[in-house]
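Chain residues, written in single-letter form:
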Amino acid sequence: MSEEIKQKILKDVESNSSKYISISHEIHDHPEIGNEEILASNLLTQLLISEGFCVEKNVAGHPTGFIAKKESSHLSGPTIGFLAEYDALPKLGHACGHNIIGVSSAAAAIALGKVLDETGGKVVVLGTPAEEGGNNGSAKGSFVKHNLLKGIDACLMVHPGNKTYTTGKSLAVNPLDFEFIGKSAHASAAPEKGINALDGVILLFNGINALRQHVTSDVRIHGIITHGGDAPNIIPEYAKARFFIRADTKIKCDKVTQRIKGIANGAALATGAKVNIIEFQNSVDNILPNKKFDDVFKEI
């Protein structure tokens, strides 16, 4: 890229900075959790449409997801994607700054889009909701499953932080629900007639705690009980736990996950309950940092 084109891009972003900051602040002031980002999605798509992008909404099973495209009218070239996140954390709002990510990706795409007739190629903004998780969360996984990144040569985004640095490592994650099905009975009058689903969940936690001694230091296993029964005098016929299983590679993450599934099946066998293991959102691979991109970033 020539210095002249680079300066055009920087000037365009700077000249529109007040508008971008205003949109970022509006998203920040109205936080929306995963797959409910109606305001944020509309603000970003309206901005992109006003700058000549063709926008497709409701993509890859995400009503608040979108893809926006703009291409050179006469020159071929690479297709560059920008990942826009805009969901908030439950009860915390935009503590991770996704309001900034969404707007900065849109701003970068708009500025690049204005020089496409000089550089050639195409620019794509992928509006990826539910990045903080939840049902059908991690929308980038949905986009991959639906082949929506096919033909894109590179995808970029920046994440806000307290200092400037190049691409960091990340952990792969498998998000799983463990649903135990037992049989209810009166806990005092006829406990022998019940099958305690909560005991299955408790054995699952105990088994995972025993496993922690025998995994590498990069592995992280953390979970909660989302349902533990309805009353202390009723044998719980239903109980559920939710876990994130992480490791520094997807291969290792999958191996640990198989061991945990074995623990869950063992807990079901020990209690007589049935267990259903459910992937409640997209699994995520570890990031493979691109040193060439990092070098360009440092130069700029």
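Structure first, text after, so check above.
Parameters at a glance
- Positions within a chain are numbered from 1, following the residues in the order the chain's sequence is written.
- Under the rules for a predicted model, residues below a pLDDT of 70 receive no local features and side-chain atom pairs below 80 are neither given nor counted, while totals for whole chains, interfaces and linings still include all residues.
- With hydrogens and water stripped out, all remaining heavy atoms of the structure feed into the side-chain values.
- Any two cysteine sulfur atoms lying within 2.5 Å of each other are counted as a disulfide.
- Only protein chains enter the accessibility calculation, which uses a 1.4 Å probe. A residue is then buried if its area is under 20% of the maximum for its type, exposed if over 50%, and partly exposed in between.
- Secondary structure is summarised from DSSP: a helix means a run of H or I of at least four residues, a strand means a run of E of at least two, and numbering begins at the N terminus for each.
- One less than the number of residues in a helix, times 1.5 Å, gives the span that helix is expected to have.
- Starting at the helix axis, one direction is taken to each C-beta atom, and the arc is that of these directions.
- By definition in these notes, contact holds between two residues if any of their heavy atoms fall within 4.5 Å.
- Two strands are said to pair when DSSP picks up at least two bridges between them.
- Note on definitions: salt bridges are taken to be side-chain nitrogens of Lys or Arg within 4 Å of carboxyl oxygens of Asp or Glu.
- Here the axes come from fitting lines to C-alpha atoms, over the contacting stretch only for helices, and the angles between their N-to-C directions go from 0 to 180 degrees.
- An angle below 35 degrees is read as roughly parallel, one above 145 as roughly antiparallel, one from 65 to 115 as roughly perpendicular, and any other as oblique.
- A clockwise turn of the near helix away from the far one marks a right-handed crossing, whereas an anticlockwise turn of less than a right angle marks a left-handed crossing.
- Centres within 6.5 Å make a pair out of two Phe, Tyr or Trp rings, where for Trp the six-membered ring is used; the pair is then stacked when the planes are under 30 degrees apart, edge-to-face when over 60, and tilted otherwise.
- To qualify as a nonpolar core, a set must consist of buried Ala, Val, Leu, Ile, Met, Phe, Trp, Tyr and Cys residues joined through side-chain atoms within 4.5 Å.

Draft legend 1. Geometry of the state of the cysteines. Under the defined criterion, the tally for this structure stands at zero disulfides. We note that Cys-54 lacks a disulfide partner, and the nearest cysteine sulfur, in Cys-155, lies 18 Å from it. For Cys-155, a relative accessible area of 28% gives the class partly exposed.

Draft legend 2. Structural view of helix α7 (residues 197-211). With 15 residues, α7 extends 21 Å between its outermost C-alpha atoms, agreeing within 8% with the 21 Å of an ideal straight helix rising 1.5 Å per residue. Buried within α7 we find Ala-197, Gly-200, Val-201, Leu-204, Ile-208 and Leu-211. End-on view of α7: buried residues confined to an arc of 100°, all on one side of the axis. Buried positions along α7 lie against β6 (172-181), β7 (220-227), β8 (238-247) and α8 (250-271).

Draft legend 3. Quick peek at the pairing of β6. Counting buried positions along β6 yields nine of ten residues, so the element is predominantly enclosed. Of the pairings in the sheet, the one linking β6 to β8 comprises ten bridges and is antiparallel in character. Each bridged residue has a counterpart across the sheet, and for Asp-177 the counterpart in β8 is Arg-242. Relative to strand β9 (residues 274-279), β6 runs antiparallel, the two sharing six bridges. Paired with Glu-179 across the strands is Asn-276, a residue of β9.

Draft legend 4. Just the pattern of salt bridges, in detail. Taken as a whole and assessed by the stated rule, the structure comprises 14 salt bridges. Between Lys-8 and Glu-118 there is a salt bridge, with the nearest N and O atoms lying 3.1 Å from each other. Residue Lys-8 is located in helix α1 (residues 3-15), and its partner Glu-118 is located in helix α5 (residues 116-119); the two are separated by 110 residues in the primary sequence. Classification of Lys-8 by relative accessible area gives partly exposed; the value is 37%. Here Glu-279 and Lys-145 are joined by a salt bridge, their closest N and O atoms 4.0 Å apart. With Glu-279 in strand β9 and Lys-145 in helix α6 (residues 139-145), this residue pair connects regions lying 134 residues apart in the sequence. Each of Asp-12, Lys-19, Glu-51 and Lys-114 takes part in one network of salt bridges that share partners.

Draft legend 5. Just the packing of α1 against helix α4 (residues 98-113), in detail. Their axes nearest at 9 Å, the elements α1 and α4 cross at an angle of 130°. The pairing of α1 with α4 is recorded here as oblique in orientation. Between α1 and α4 lies a crossing whose hand is right-handed. On α4, the residues that touch Ile-9, Asp-12 and Val-13 of α1 are Ala-107, Ile-110, Ala-111 and Leu-112.

Draft legend 6. A look at the packing of aromatic side chains. On inspection of all chains with the given rule, the structure shows four aromatic pairs. An angle of 10° between the planes, with centres 5.9 Å apart, marks the rings of Phe-66 and Tyr-86 as stacked. Linking Phe-66 in strand β2 (residues 62-71) with Tyr-86 in the loop between β3 (79-84) and α4, this pair joins segments that are 20 residues apart in sequence. The buried category is assigned to Tyr-86, whose relative accessible area is 0%.

Draft legend 7. Quick look at the sheet that holds β7. In spatial order, the strands read β7-β8-β6-β9; together these four strands make up an open sheet with antiparallel pairing. If you trace the sheet from one side to the other, it starts and ends with β7 and β9, each paired once. Adjacent strand axes in the sheet meet at a mean angle of 20° when their direction is disregarded. Across the face of the sheet, α7 comes into contact with β6, β7 and β8 while running at roughly 20° to β8. Helix-sheet contacts for α8 involve β6, β7, β8 and β9, and the interaxial angle to β6 is about 10°.

Draft legend 8. Broad picture of the nonpolar core. Formed by 27 residues in total, the largest nonpolar core has its most connected members in Ile-27, Leu-44, Leu-48, Phe-53, Phe-66, Val-123 and Val-125. Every element with two or more residues in this core is listed here: α1, α2 (17-29), α3 (38-50), β2, β3, α4 and β4 (122-127). For this core, the element with the highest residue contribution is α4, accounting for seven residues. Leave out the neighbours within four places in its chain, and Leu-48 touches Phe-53, Val-55, Phe-66, Ala-68, Ala-106, Ile-110 and Val-125.

So, to be careful, I would describe these as geometric facts and stop short of saying anything about function.
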